[in-house]
Amino acid sequence: MSDSPPLVLLIEDEEDIRDAVSTLLEMEGYRVAQCVHGEDAWGWLQSNPRPSLVLLDLMMPVMDGQSFLLRLTKERMLEGVPIVVLSGSPFQPEGAVAYLRKPVSVDQLLEMVGRFLPSPGPGPGGPHTS
C-alpha cells in the first residue's frame, strides 16, 4: 500500500510567490495544489481531496484570506486541518494555527510546514515499521 505524500493547499494571489513556494514544497516531496484567492480555493475544496495543510495569504482579490477563514468556520469545513497564514500583514486572524510574515525564508517555511506535516521522504534508514 503506497501512501501518497501530504497535500498542501496554497492560496496566494501573487504568481511568483505561488510558483516559488510550490516548487520548494514539491522538491521536499509534498504535493501542492494552487489557488489564486479564497473563492478559487472554495471551489477547489468542493471537488478535491481534503488537504493536509493550508497555506493562506490574507490580502487577495475576490475573497481575501480572512473571509475564507470565516467561511470555513461557518461551514465547518477543514476542521482539524492546520491553516498557516502567509502574509505581509501583521494581523493574525482567528482560525489560523500559525502565522508567517512575508517575506518568509525557505528555512522558516520548511520548518513551519514540517511542524504540522510528516516529512514525505522516507528519511534515513527508510520507513519504520513496528
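Let me begin by describing the structure that accompanies this report. Here the structure is a predicted model, which means the values were calculated and not measured.

1. Some thoughts on the side chain of His 37
Now for step 1: As for its position among the elements, His 37 is in the loop between β2 (31-35) and α2 (38-46).
Now for step 2: Within the local environment of His 37, its side chain forms a polar contact with the backbone nitrogen of Asp 40, the two atoms lying 3.1 Å apart.
Now for step 3: Ignoring sequence-local partners within four residues, the contact set of His 37 consists of Ile 11, Met 60, Pro 61, Val 62 and Met 63.

2. What to know about the packing of aromatic side chains
Now for step 1: Counting across every chain of the model gives 1 aromatic pair.
Now for step 2: Ring geometry for Trp 42 and Phe 68: centres 6.2 Å apart, planes at 85°, overall edge-to-face. One end of the pair, Trp 42, is in helix α2; the other, Phe 68, is in helix α3 (residues 65-75), and 26 residues separate them in sequence. In terms of burial, Trp 42 and Phe 68 fall into one category: buried.

3. Quick word on the sheet that holds strand β1 (residues 7-11)
Now for step 1: If you trace the 5 strands from one edge of the open sheet to the other, you get β2-β1-β3-β4-β5, paired in parallel fashion. Of all the strands in the sheet, the pair left with one neighbour each is β2 and β5 (98-101). Put simply, the sheet's adjacent strands are angled 20° from each other on average, direction ignored.
Now for step 2: Note: strand β3 (residues 53-56) against strand β4 (residues 83-87), 3 bridges, orientation parallel. If you follow Val 54 over to β4, its bridge partner there is Ile 83.
Now for step 3: Against the sheet, helix α4 (residues 106-116) makes contact with β3, β4 and β5, and its axis sits at roughly 170° relative to β5, the strand it touches most.

Parameters and conventions
Residues numbered from 1 in each chain as written. Predicted model: local features only at pLDDT ≥ 70, side-chain atom pairs only at ≥ 80, totals over all residues. Heavy atoms only, no water. Helix = DSSP H or I, 4+ residues; strand = E, 2+ residues; numbered from the N terminus. Polar contact = N/O pair within 3.5 Å; in protein donor to acceptor, adjacent residues only side chain to side chain. Contact = heavy atoms within 4.5 Å. Phe/Tyr/Trp six-rings, centres within 6.5 Å; stacked < 30°, edge-to-face > 60°. Buried < 20%, exposed > 50% of the residue type's maximum accessible area, 1.4 Å probe, protein only. Pairing = 2+ DSSP bridges. Axes fitted to C-alpha atoms, helices over the stretch in contact; angles between N-to-C directions.

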